[in-house]
Amino acid sequence: MTDESFGQPRLAALYDPLDPDRSDLDAYVRMAEEFRARRVLDIGCGTGVFALLLAERGFEVVGVDPAQASVDVARSKPDSGRVRWICGDATTLPPLRVDLVTMTANVAQQIAGAQEWRETLRGAYEALRPGGRLVFETRDPAGRAWEVWNREVSYRVTEVPGVGAVESWVQVTEVRGPLVTFRWTYVFAADGQMLTSDSTLRFREREEVERELLALGYEVEGVRDAPDRPGKEFVFVARRPWSGPAVGGRTD
């Protein structure tokens, strides 16, 4: 299911103004260049920030996201015609052969269900050319990042052009094993409307992720640190082998 913050048009339009610093994406741009990728699939592209960064640099980009409102925001941006936008997910992709698949920010953790996660990894594998790479990040559970997700720390008022002042804050509502559920609240000063968006993230251990990647036929090329949150995240780099069994271990 799509969180309201991505699927509700009024909230999707706030995503970029409320999070304008996307320096976290710089590392992904550098990796795309490091791996000499030409074609990139961005899973969970949201409002298209990363996809457009790549397109501006000459990459061929496909952006896929299940939230129509977010894809609509992406399509409304300058030069959006340089990206192929798909409203959907990694399990329903058309035939692709890309050099790099990315899942930036919270995308990997938002795929909380075990079967949904395996199907996403499988869809990414099938979209990659042999030798292509999958890159994504996930927070280290040991950091217990959710412990500061509360109103006291997160409350702010943002002046959004064309919208006015918007109050926003986050509050954890449940921690159940590896699953952390939290609620974002937004209040629009212009008309007093309050909207909320509930999200659940799955905090996976490094060894768990590596096992899942290997089981689906990937080679784990490395696990890097996130430059913007050193010591707090795992950045996985996995490769589809140049040859070998098909995804999931099949040989037919």
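The preceding data block contains the structure.
Keep in mind that what you see is a predicted model, and the values were worked out from it rather than measured.

### Some words on a negative patch on the surface
Move 1: Taken together, the side chains of Asp19, Asp21, Asp26 and Asp228 present a region of like negative charge at the surface.
Move 2: Along the chain, aspartate 26 turns up in helix H4 (residues 26-34).

### Section: the sheet that holds strand E9 (residues 194-202)
Move 1: Spatially, E6-E7-E8-E9 is the arrangement adopted by the four strands of the open sheet, whose pairing is antiparallel. The open sheet has two edge strands, strand E6 (156-160) and E9, and neither has a second partner. Across the sheet, the mean angle separating the axes of adjacent strands is 25° when strand polarity is ignored.
Move 2: Sheet analysis places strand E8 (residues 179-188) next to E9, joined by nine bridges and oriented antiparallel. Within E9, the position partnered with valine 180 by the bridge is leucine 201.

### Concerning the packing of aromatic side chains
Move 1: Within this structure, the stated rule accounts for 11 aromatic pairs.
Move 2: Grouping aromatic residues by their ring pairs yields a cluster made of Trp117, Phe136, Phe234 and Phe236.
Move 3: Positioned above the aromatic ring of tryptophan 117 is the side chain of arginine 204, whose terminal nitrogen or guanidinium carbon lies 4.1 Å from the ring centre.

### Some remarks on the side chain of arginine 133
Move 1: By the element assignment, arginine 133 lies in strand E5 (residues 128-139).
Move 2: In terms of polar contacts, arginine 133 uses its side chain to reach the side chain of glutamate 221, at 2.7 Å.
Move 3: Not counting residues within four places of it along the chain, the set of residues in contact with arginine 133 comprises Phe35, Asp99, Leu100, Val101, Leu128, Glu221, Val237, Ala238 and Arg239.

### Section: unusual backbone geometry
Move 1: In this model, arginine 36 sits at a positive phi of 55°, which is unusual for a non-glycine residue.
Move 2: Among the structural elements, arginine 36 can be located in the loop between H4 and strand E1 (39-43).
Move 3: With a relative accessible area of 75%, arginine 36 lands in the exposed category.
Move 4: Backbone geometry places alanine 105, a non-glycine residue, at a positive phi of 55°.
Move 5: Assignment of secondary structure puts alanine 105 in the loop between strand E4 (98-103) and helix H7 (107-110).

### Concerning the sheet that holds E4
Move 1: Read across the sheet, seven strands follow the order E3-E2-E1-E4-E5-E11-E10 without closing on themselves; strand pairing throughout is mixed. The open sheet terminates on both sides in strands that have one partner only, identified here as strand E3 (83-87) and strand E10 (219-225). Averaged over all pairs of adjacent strands, the angle between their axes in this sheet comes to 15°, without regard to strand direction.
Move 2: Pairing of E4 with E5 involves five bridges; the strand directions are parallel.

### What to know about the nonpolar core
Move 1: By size, the foremost hydrophobic cluster in this structure holds 29 residues, and its most contacted members are Leu41, Met103, Leu134, Phe136, Leu213 and Tyr218.
Move 2: For this core, the secondary structure elements donating two or more residues are E1, strand E2 (60-65), E4, H7, helix H8 (114-127), E5, helix H10 (206-215) and strand E11 (233-239).
Move 3: Leaving out residues up to four positions away in the same chain, leucine 134 has contacts with Val101, Met103, Leu121, Ala124, Leu128, Leu213, Tyr218, Phe236, Val237 and Ala238.
Move 4: Within the second largest apolar cluster, 25 residues are counted, among which are Leu25, Leu52, Val71 and Trp85.

### Observations regarding the environment of glutamine 109
Move 1: Summarising the element assignment, glutamine 109 is placed in helix H7.
Move 2: Taking the C-alpha atoms as reference points, glutamine 109 and aspartate 228, 119 residues apart in sequence, are found 17 Å from one another.
Move 3: Each residue touching glutamine 109, except ones within four places of it in the same chain, is listed here: Thr138, Arg139, Thr200, Leu201, Arg202, Phe203 and Arg204.
Move 4: Here the side chain of glutamine 109 touches arginine 139 through a polar contact of 3.0 Å, landing on its backbone nitrogen.

About the cut-offs
Residues numbered from 1 in each chain as written. Predicted model: local features only at pLDDT ≥ 70, side-chain atom pairs only at ≥ 80, totals over all residues. Heavy atoms only, no water. Patch = residues over 30% accessible without salt bridge, like charges linked within 9 Å, V, L, I, M, F, W, Y side chains within 5 Å. Areas by Shrake-Rupley, 256 points an atom, 1.4 Å probe, with all protein chains shown as cover. Salt bridge = Lys/Arg side-chain N within 4 Å of Asp/Glu carboxyl O. Lys, Arg positive; Asp, Glu negative; His and termini not counted. Charge placed at Lys NZ, Arg CZ, Asp CG, Glu CD. Helix = DSSP H or I, 4+ residues; strand = E, 2+ residues; numbered from the N terminus. Pairing = 2+ DSSP bridges. Axes fitted to C-alpha atoms, helices over the stretch in contact; angles between N-to-C directions. Phe/Tyr/Trp six-rings, centres within 6.5 Å; stacked < 30°, edge-to-face > 60°. Lys NZ or Arg CZ within 6 Å of the ring centre and 35° of its normal. Polar contact = N/O pair within 3.5 Å; in protein donor to acceptor, adjacent residues only side chain to side chain. Contact = heavy atoms within 4.5 Å. Buried < 20%, exposed > 50% of the residue type's maximum accessible area, 1.4 Å probe, protein only. Core = buried A, V, L, I, M, F, W, Y, C linked by side-chain atoms within 4.5 Å.

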